[in-house]
2 protein chains.
Amino acid sequence: MKNRKLVLAKRPDPTVDRGLFRLEEIELSPLKEGQFLVRNLFLSVDPAMRGWVADMPSYIPPVALGEVMRSFAVGEVVESRHPDYVTGDMLYGRFGWQELAVSDGADVERKVDPQAAPLAANLHVLGMTGATAWFGLTEIGNPQSGETVVVSTAAGAVGSMVGQIAKARGCRTVGITGSNDKARRCREEFGYDAVINYKACQGEDLSSGLATACPKGVDVYFDNVSGPISDAVMGFFNVGARMTVCGVIGISPAHLSGPRVARTLLVKRARMQGFLIFDHMHRLSEAVESLLPLFKAGKLNYSEEIYEGLEQAPVGLENLLAGTNQGKVLVKL
Amino acid sequence: MKNRKLVLAKRPDPTVDRGLFRLEEIELSPLKEGQFLVRNLFLSVDPAMRGWVADMPSYIPPVALGEVMRSFAVGEVVESRHPDYVTGDMLYGRFGWQELAVSDGADVERKVDPQAAPLAANLHVLGMTGATAWFGLTEIGNPQSGETVVVSTAAGAVGSMVGQIAKARGCRTVGITGSNDKARRCREEFGYDAVINYKACQGEDLSSGLATACPKGVDVYFDNVSGPISDAVMGFFNVGARMTVCGVIGISPAHLSGPRVARTLLVKRARMQGFLIFDHMHRLSEAVESLLPLFKAGKLNYSEEIYEGLEQAPVGLENLLAGTNQGKVLVKL
């Protein structure tokens, strides 16, 4: 059987664009005992991929040159020589940017119930994205009713979930985002109490925007960017503030350095903690079970930007990293 | 009855030196109902005083100009019109840099047992210093046997306690200090497994010293300085590292900015948390009870640098902030 896959052809220098990937077509060997074949239906495109393709120290080794691009996917078992997986099983796993994946089960995150929610939702609100928001917000941020929760990349896949979970917990939610259109979606779709378009205000303006949006200061900050945006938010920390460091996409070469945070953390007895969903993937079902009631109650709005066909995955990634996407970027095969 | 006290005469500009204080002699009014009179026996001199005399945002309001200098002290009740305090009671409290203090009990931290330990010890190893080390290390750092614990200002009042508590818990302890003499004391008196004199090595040298001293990386970092020393230590964080931010004396005007820590915290899923003993003073007795067995077993070595007479307190502070002191700075009245 023929498989088509996207492999990493070169490293970013420094831009991550479609040119880094190469389409390959190969003939698959017959399945061995203990293996099964997954036909991917939806592929995920994630901001973390910027890190996965770069050859620098990170939480997992980079994708090797010539290797299929690492990616989450939802797929269907179409052939099996494994006792735990039968034809027709729907799976969520790390199946990569390819049409078919040969698996021994090690890259399966969980079986998916196609009745509980649309299939693609398992790649975001009921998948890694939802679990990231759930554990990163509830276990590190631990927001209490009435507290103020600030979210950077507030309209993003993770950010929009964080905002909605915090809102459902009775918090005042304040989103920071990068366009007027995203700001509108933050208010209308994700229910933020206040939204700031940081690109429409620089430096002091961001701070005055935060002062207006957070009259009682900031208790929880779910940060996906770091950099100057975070510098501004930290200036409004209340005593005992909790900050989840979930992404650092705002640390550009121009902002490798910044104001030291130690004095703020000390004076505010605040906590800043790195969060990586990979440490919690064994608890994925726990997060999904916690999120399903909110999902079914219509409290987890989301948008999808769906690209059609394997070849479009690098385009989706390029647009995602450029910030021009509208919602979770997916590829439908 | 006459009282002599040191009041804050001016703000640092920017140096904190003896010139900031003025000796005043005043006549005390007779005690009112509910008051008692404490004769201070030992006054404390602490690094935190640098912050208390400066008019900048901090965890407590600055000492007002013309006000008695804020300070912990151990004193004896010499007269009382308060039902809970009788003549002869020994107290640990915020009695200030003065010979006599009129109190209504609000500034008392705890009654001291003069049999349990030398009186002055209640101002450091069995006082706020010990409690700072105890709570900051055990509750934020939570060191486990076999882990590596790094301490900055390792020979200081707090640092030396942290090192010894960690050592008693079976950790590998690594001290960073600023002179060969202090380094020697770290090894001989405080039992550190490895010591680095950061003034004898700059930049890369500090990192290579840490690489040698921490062959298994850093699990817990009790930081009293921030600045370039912390930048170097954080480069050796293990996954799940915990950092107590207890002091920021290394953030000089030249180092207000520094490398952003967010990426390290994210990649290492590490935690950085500000700690202020004032949040925990209501649990002071709990810390003292936890420390007493170690104290009685001779596992909490300490040195005192005792100045004689109220007038010497500002000299002691000057020397403490210059780093020329040998151990806990106290004033004996």
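Residues numbered from 1 in each chain as written. Chains lettered and ligands numbered in written order. Predicted model: local features only at pLDDT ≥ 70, side-chain atom pairs only at ≥ 80, totals over all residues. Heavy atoms only, no water.

A. Region of interest: the domain arrangement of chain A. Residues and elements named next belong to chain A. On domain assignment, one finds that chain A holds domain 1 (2-123 + 303-332) and domain 2 (128-278). In this complex, domain 1 contributes 14 residues to the contact, which on the side of domain 2 involves 10 residues. When the buried surface of domain 1 facing domain 2 is broken down by residue, Tyr-59, Ser-303 and Gln-326 rank first, second and third, together holding 36% of it. Taken together, the connections running from domain 1 to domain 2 amount to zero salt bridges. (Domains from an automatic or database assignment. Contact = heavy atoms within 4.5 Å. Buried area = accessible area lost by both parts, 1.4 Å probe. Salt bridge = Lys/Arg side-chain N within 4 Å of Asp/Glu carboxyl O.)

B. Quick look at the relation of the copies chain A and chain B. The transformation that overlays chain A on chain B combines an axial shift of 0.0 Å with a rotation of 180°, and the residual RMSD is 0.0 Å. Both chain copies can therefore be described as sitting about a two-fold axis. When the interface residues of chain A are mapped onto chain B, 100% of them again lie at the interface, so the same face is used by both copies. (Least-squares fit on C-alpha atoms with pLDDT ≥ 70 in both.)

C. Representation of the side chain of Ser230(A) within the structure. Residues and elements named next belong to chain A. Mapped onto the elements of the fold, Ser-230 is located in helix 6 (residues 227-234). Within the local environment of Ser-230, its side chain forms a polar contact with the side chain of Asp-223, the two groups lying 2.6 Å apart. Non-local contacts of Ser-230, meaning those with residues more than four positions away in its chain, are made with Tyr-221, Asp-223, Val-225 and Met-243. (Helix = DSSP H or I, 4+ residues; strand = E, 2+ residues; numbered from the N terminus. Polar contact = N/O pair within 3.5 Å; in protein donor to acceptor, adjacent residues only side chain to side chain.)

D. Seen up close, the nonpolar core. If you look at the biggest cluster of nonpolar residues, it comprises 142 residues, and the most contacted ones within it are Met272(A), Trp97(B) and Met272(B). Counting residues in each nonpolar core, the second largest holds 82 residues, with Leu41(A), Ala101(A), Leu291(A) and Leu330(A) among its members. (Core = buried A, V, L, I, M, F, W, Y, C linked by side-chain atoms within 4.5 Å. Buried < 20%, exposed > 50% of the residue type's maximum accessible area, 1.4 Å probe, protein only.)

E. How the structure looks around the pattern of salt bridges. All names here are of chain A. If you walk through the whole model with that rule in mind, you get 36 salt bridges over all chains. One salt bridge connects Lys-111 with Asp-89, and the closest N-O pair in it is separated by 3.1 Å. Taken together, the residues span a long stretch of sequence, with Lys-111 in strand 7 (residues 108-111) and Asp-89 in the loop between strand 4 (73-80) and strand 5 (90-93) at a distance of 22 residues. Its relative accessible area of 16% is what places Asp-89 among the buried residues. In this structure, a network of salt bridges that share partners links the residues Arg-4, Glu-99 and Glu-311.

F. Representation of the UniProt feature "domain: Oxidoreductase N-terminal" (unreviewed entry) in chain A. Mapped onto this numbering, the UniProt entry annotates "domain: Oxidoreductase N-terminal" (unreviewed entry) at residues 4-109 of chain A. In the segment residues 4-109 of chain A, helix accounts for 4% and strand for 37%; the C-alpha atoms at its two ends are 23 Å apart. (UniProt positions renumbered as here; feature names shortened; annotations may be inferred.)

G. Fine view of the interface of chain A and chain B. Contacts between chain A and chain B engage 33 residues on the former and 33 residues on the latter. With both sides pooled, the region where chain A packs onto chain B buries about 2900 Å², and carbon together with sulfur makes up 59% of that total. The largest per-residue losses of area from chain A upon contact with chain B belong to Arg260(A), Leu266(A) and Arg269(A), which jointly make up 28% of the total buried on that side. Our enumeration of links across chain A and chain B arrives at four salt bridges. With its nearest N and O atoms 2.8 Å apart, the salt bridge here joins Arg260(A) to Asp231(B).

H. Quick look at the packing of aromatic side chains. All names here are of chain A. All chains considered together, the criterion is met by 12 aromatic pairs over all chains. Pairing Phe-72 with Phe-278 gives two aromatic rings, centres 6.2 Å apart and planes at 25°, and the pair type is stacked. Linking Phe-72 in the loop between helix 1 (49-52) and strand 4 with Phe-278 in the loop between strand 14 (271-274) and helix 8 (284-296), this pair joins segments that are 206 residues apart in sequence. Clustering of aromatic rings is evident, with ring pairs tying together Trp-52, Phe-72, Tyr-92 and Phe-278. The ring centre of Trp-52 lies 5.5 Å from the NZ or CZ of Arg-70, which sits over that ring. (Phe/Tyr/Trp six-rings, centres within 6.5 Å; stacked < 30°, edge-to-face > 60°. Lys NZ or Arg CZ within 6 Å of the ring centre and 35° of its normal.)

I. View of the side chain of Thr138(B). Residue and element names in this part refer to chain B. Within the fold, Thr-138 resides in helix 2 (residues 128-141). Among the polar contacts made by the side chain of Thr-138, one reaches the main-chain carbonyl oxygen of Trp-134 at a distance of 2.6 Å. When sequence neighbours within four positions are dropped, the list of residues in contact with Thr-138 reads Ala-133, Pro-143 and Arg-169.

J. Examining the sheet that holds strand 11 (residues 218-223) of chain B more closely. Pairing is mixed across the open sheet formed by 12 strands, whose spatial order is 10(A)-9(A)-8(A)-11(A)-12(A)-14(A)-14(B)-12(B)-11(B)-8(B)-9(B)-10(B). Both edges of this open sheet fall to strand 10 (194-197) of chain A together with strand 10 (194-197) of chain B, since each of them pairs with a single strand only. Geometrically, the sheet is characterised by an average inter-axis angle of 15° between neighbouring strands, direction not taken into account. The sheet contact formed by strand 11 (residues 218-223) of chain A and strand 12 (residues 237-245) of chain A spans five bridges and is parallel. Bridge pairing links Tyr221(A) to Met243(A) in strand 12 of chain A. The sheet contacts of helix 6 of chain A involve strand 8 (148-152), strand 9 (172-177), strand 11, strand 12 and strand 14 of chain A, and relative to strand 11 of chain A the element is tilted by about 170°. (Pairing = 2+ DSSP bridges. Axes fitted to C-alpha atoms, helices over the stretch in contact; angles between N-to-C directions.)

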